[in-house]
Amino acid sequence: MGLLRIAILVSGKGRGSNMAALVEACRDGRIDGEVVLVIGTRDDMPALQRAQSLDVPVEVINPKQFESDEEYGQALLASLERAGADLICLAGYMRLLPLSVVRHYPRRILNIHPALLPEFGGQGMYGLHVHEAVLASGAKETGCTVHFVDEQYDTGPILLQTKLPVEPNDTPETLAARLLPLEHETYIRAVQMFAESYCRTGDGTTRPTIGSF
Ligand code: GRF
């Protein structure tokens, strides 16, 4: 059985800490996989610089350069296929993924969200907005969620969650800072769960080995 081939998508001005955590976990054996490609939406992204400094192949596919979301999707699909991606990880990818990509990789696209979905998700719920909403709600705990990606924001089936208590003096910034290392750990564990559930067939395709995937 070969290593799981992972492609990571980042967008905007993403810093890429989850991306880097996944790359490192593949290299030190915590994930039975390798990050074969990082795709970003702009060439001045810190996340892409970070990927390059880790010697991971990067590509820029800027949605603004396409006439339609469908064409953007076709460009993404072409790259992902060329890279032979088995699994796609969104890591600070704040856009809705084109439908053609979602449909091409059913249950093979993961995302990490910095809250306990299904609460505090959906369009506009990213970055500090999420933590502001958590604090405003008076919730006693928050956390992060790794879920499969479907056709909407943050609604796909949940694979793994980690909880974190909210402290009385927390601000959106302190919550984000305490959560980030937990995000990295959770994403690594979830990707390894996925890797363990997949086996590679002789013809280079992958197929699930446990029913729920
Ligand atoms: C993380 O908080 C993740 O949960 C969310 O976007 C942020 C990306 O951070 N989807 P980083 O670029 O991985 O540091």
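Above this text you will find the structure in question.
Every value quoted in this text rests on a predicted model; they were computed, and no experiment measured them.

Novice: Break down the nonpolar core for me, with residues and values.
Specialist: Ile 6, Ile 8, Val 38, Tyr 187 and Val 191 are the most contacted members of the largest nonpolar core, which totals 45 residues. Looking at this core, the element that brings in the most residues is helix α6 (residues 172-197), giving nine residues. Look past the residues within four positions of Val 191 in its chain and what remains in contact with it is Leu 4, Ile 6, Leu 22, Ile 31, Leu 87, Cys 89 and Leu 110. Listed in part, the 21 residues of the second largest apolar core include Val 36, Ala 85, Leu 90 and Val 149.

Novice: Please provide a residue-by-residue account of helix α1 (residues 17-27), values included.
Specialist: Counting buried positions along α1 gives nine out of 11 residues, so the element sits mostly inside the fold. Summarising the contacts, the buried residues of α1 are in contact with β1 (4-10), β2 (33-40), α2 (46-53), β4 (87-90), β5 (109-113) and α6. At the exit of α1 stands Gly 29, carrying a positive phi of roughly 90°.

Novice: Give me the state of the cysteines: which residues, what numbers.
Specialist: In the structure shown here, the tally under the stated rule is zero disulfides. Here Cys 26 is not disulfide-linked; the sulfur of Cys 89 is the nearest cysteine sulfur, at 8.4 Å. Here Cys 144 is not cross-linked by a disulfide; its sulfur's nearest cysteine counterpart is in Cys 89, at 14 Å. On the basis of relative accessible area, Cys 144 is assigned to the buried category, the value being 0%.

Novice: Describe the sheet that holds β1, listing the residues and the values that go with them.
Specialist: Ordered by their spatial adjacency, seven strands build an open sheet running β3-β2-β1-β4-β5-β6-β7, and the pairing between neighbours is mixed. Two strands close off the open sheet at either side, each with one partner strand: β3 (58-60) and β7 (158-165). Averaged over all pairs of adjacent strands, the angle between strand axes in this sheet comes to 20°, irrespective of strand direction. Two elements, strand β6 (residues 141-148) and β7, share seven bridges in a ladder whose sense is antiparallel.

Criteria and thresholds
Residues numbered from 1 in each chain as written. Predicted model: local features only at pLDDT ≥ 70, side-chain atom pairs only at ≥ 80, totals over all residues. Heavy atoms only, no water. Core = buried A, V, L, I, M, F, W, Y, C linked by side-chain atoms within 4.5 Å. Buried < 20%, exposed > 50% of the residue type's maximum accessible area, 1.4 Å probe, protein only. Helix = DSSP H or I, 4+ residues; strand = E, 2+ residues; numbered from the N terminus. Contact = heavy atoms within 4.5 Å. Disulfide = S-S within 2.5 Å. Pairing = 2+ DSSP bridges. Axes fitted to C-alpha atoms, helices over the stretch in contact; angles between N-to-C directions.

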